[in-house]
Every structure is written in C-alpha cells, then in structure tokens.
Amino acid sequence: MRDTLRMVEKPPPPLSSEPPLRALTEERHADEDQLALRSDLTTVHRVTTSCEDLSLFVLQLPDLKDAEAVQKFFLEEIQLGEELLAQGDYEKGVDHLTNAIAVCGQPQQLLQVLQQTLPPPVFQMLLTKLPSISQRIVSAQSLSEDDIE
C-alpha cells in the first residue's frame with residue numbers, strides 16, 4: 001500500500017515529446033544572445049575597419065616636401081589600387097588610386113591614363129572621391145606645418 005501511495009505522489013512524466021517551457025525559453029534567450037553577439041561583433045569589425053582605413057591613410061601620408069617619400073608613396077598607392085581593383089574591391093582600390101592622384105606631380109596626365117584603362121563606373125567613382133582626398137591632404141599639410149611652428 002505504501003508503494004502505491006509513493007507512486008501517486010510522484011507526478012507522471014510529460015506525455016508529449018516537446019521540451020518543457022523553461023527549456024524552450026532558455027534556448028530562445030541563448031539564440032537571442034548569440035544574435036546580439038554576432039551583431040555586436042559585426043559593428044566592432046566595421047568600426048575597427050573604418051578606423052584602420054583612416055589610420056592607414058593618415059600614417060602613410062608622406063612628407064610632401066620629401067620627393068623620394070612622395071614618389072615611394074605614389075608607387076605603393078598605384079600598386080595597391082591596381083591589386084584591389086583586380087580582386088574586385090573597387091571601393092578600396094579607388095581610395096588608393098585617389099591617394100596617388102592627390103600627391104601626383106602631374107595629376108591630369110594620370111587621370112587621362114586612368115580614364116582609358118578603368119571601366120567607366122570605376123573611373124566615375126574615382127572622380128567622385130578626388131575632392132575629399134585632396135581636402136584631407138591639404139588638412140594634413142596644414143597640420144604638419146602647425147607641428148613645425
């Protein structure tokens with residue numbers, strides 16, 4: 001008789017094969033946490049990449065009074081731009097080409113060559129970016145002159 005009472009006191013196991021509500025809730029929260037973490041990591045990656053891109057530009061800008069440094073920078077930027085364009089990364093490729101144009105002694109001639117060799121949409125992208133890159137170089141020049149004083 002006591003065995004019968006003990007059996008009655010124990011709740012019967014769930015009849016359905018579905019996990020209990022608590023487990024479902026915990027699983028849903030874990031999924032939400034993973035999605036939030038992925039979103040946060042993506043945002044961090046974007047910000048880091050943007051900062052790296054900006055710092056690369058600022059750090060690599062040569063002393064514009066040093067002809068050898070300018071020539072080295074120019075050639076590196078042309079090479080990087082060409083490599084990135086060949087890989088299909090048009091945005092970064094154009095950024096490097098505009099850096100080269102901005103420090104080039106004969107930008108009109110370089111632009112003519114690029115117009116003949118680049119696809120029209122890529123060349124148009126380059127023309128669109130030129131004013132901003134030129135402005136950054138002028139700003140960087142004035143900052144370096146302030147450092148001298």
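Preceding block: the structure.
Attention here is on the structure that accompanies the text.

Rules of the game
Residues numbered from 1 in each chain as written. Predicted model: local features only at pLDDT ≥ 70, side-chain atom pairs only at ≥ 80, totals over all residues. Heavy atoms only, no water. Helix = DSSP H or I, 4+ residues; strand = E, 2+ residues; numbered from the N terminus. Buried < 20%, exposed > 50% of the residue type's maximum accessible area, 1.4 Å probe, protein only. Contact = heavy atoms within 4.5 Å. Areas by Shrake-Rupley, 256 points an atom, 1.4 Å probe, with all protein chains shown as cover. Core = buried A, V, L, I, M, F, W, Y, C linked by side-chain atoms within 4.5 Å. Arc of directions from axis to C-beta. Expected span 1.5 Å × (residues − 1). Axes fitted to C-alpha atoms, helices over the stretch in contact; angles between N-to-C directions. Parallel < 35°, antiparallel > 145°, perpendicular 65-115°, else oblique. Left-handed = near helix turned anticlockwise from the far one by under 90°. Salt bridge = Lys/Arg side-chain N within 4 Å of Asp/Glu carboxyl O. Polar contact = N/O pair within 3.5 Å; in protein donor to acceptor, adjacent residues only side chain to side chain.

Some points on the overall build of the protein
Okay, step 1: Scanning the protein from terminus to terminus reveals 6 helices and 0 strands.
Okay, step 2: Reading the protein from its N terminus to its C terminus gives the helix and strand order α-α-α-α-α-α.
Okay, step 3: Counting only residues that meet the buried cut, the protein has 22% of its 149 residues in that class.
Okay, step 4: Across the protein, contacts joining residues at least 24 apart in sequence account for 52% of those joining residues at least 6 apart.
Okay, step 5: Element-wise, carbon and sulfur atoms account for 58% of the exposed surface of the protein, whose accessible area totals about 11700 Å².

Details of the nonpolar core
Nonpolar side chains in soluble globular proteins tend to end up buried together.
Okay, step 1: Ranked by size, the top nonpolar core spans 20 residues in total, and within it F74, L97, I101, L110, L114, L118 and L126 carry the most contacts.
Okay, step 2: Sorting the residues of this core by element identifies α3 (67-86), α4 (90-103), α5 (107-117) and α6 (120-148) as the ones contributing at least two each.
Okay, step 3: Other than its neighbours up to four places away in sequence, L114 contacts L97, I101, F123 and L126.

Comments concerning α5
Along an α-helix, residues three or four positions apart point the same way, because every turn accommodates 3.6 residues.
Okay, step 1: For α5, the full list of buried residues reads L110, L111 and L114. Taken end-on, α5 shows its buried residues confined to a sector of 100°, consistent with a single buried face. Exposed side of α5, more than 90 degrees from the buried face: Q108 and Q116 are the residues found there.

Things to note about α4
Okay, step 1: If you check α4, its first and last C-alpha atoms are 20 Å apart, about what 14 residues at 1.5 Å a residue would give, namely 20 Å.
Okay, step 2: For α4, the set of buried residues is G93, V94, H96, L97, T98, N99, A100, I101 and V103.

Thoughts on the packing of α3 against α4
Okay, step 1: One can describe the packing of α3 onto α4 by two numbers: an axis separation of 8 Å at closest approach and a directional angle of 160°. If you check the angle between α3 and α4, you find them roughly antiparallel. In this structure, α3 crosses over α4, and the sense of that crossing is left-handed. Counting all contacts with α3, which are made through V70, F73, F74, E77, I78, L80, G81, L84 and L85, the residues of α4 involved are Y90, K92, G93, V94, H96, L97, N99, A100 and V103.

A few points about the pattern of salt bridges
Okay, step 1: Tallied over the entire structure, the rule returns 3 salt bridges.
Okay, step 2: Two residues, K129 and E91, come together in a salt bridge whose shortest N-O distance is 2.5 Å. In this pair, K129 is assigned in helix α6 and E91 in helix α4, connecting sequence segments 38 residues apart.
Okay, step 3: For K129, a relative accessible area of 17% puts it in the buried group.
Okay, step 4: Connected through salt bridges with shared partners, the residues E91, D95 and K129 form a single ionic network.

Examining the environment of S132
Okay, step 1: Within the secondary structure, S132 sits in helix α6.
Okay, step 2: Residue classification places S132 among the partly exposed positions, given a relative accessible area of 38%.
Okay, step 3: Distance in space between the C-alpha atoms of S132 and A102 is 10.0 Å, their sequence separation being 30 residues.
Okay, step 4: A polar contact of 2.9 Å, which involves the side chain of S132, links it to the backbone oxygen of K129.

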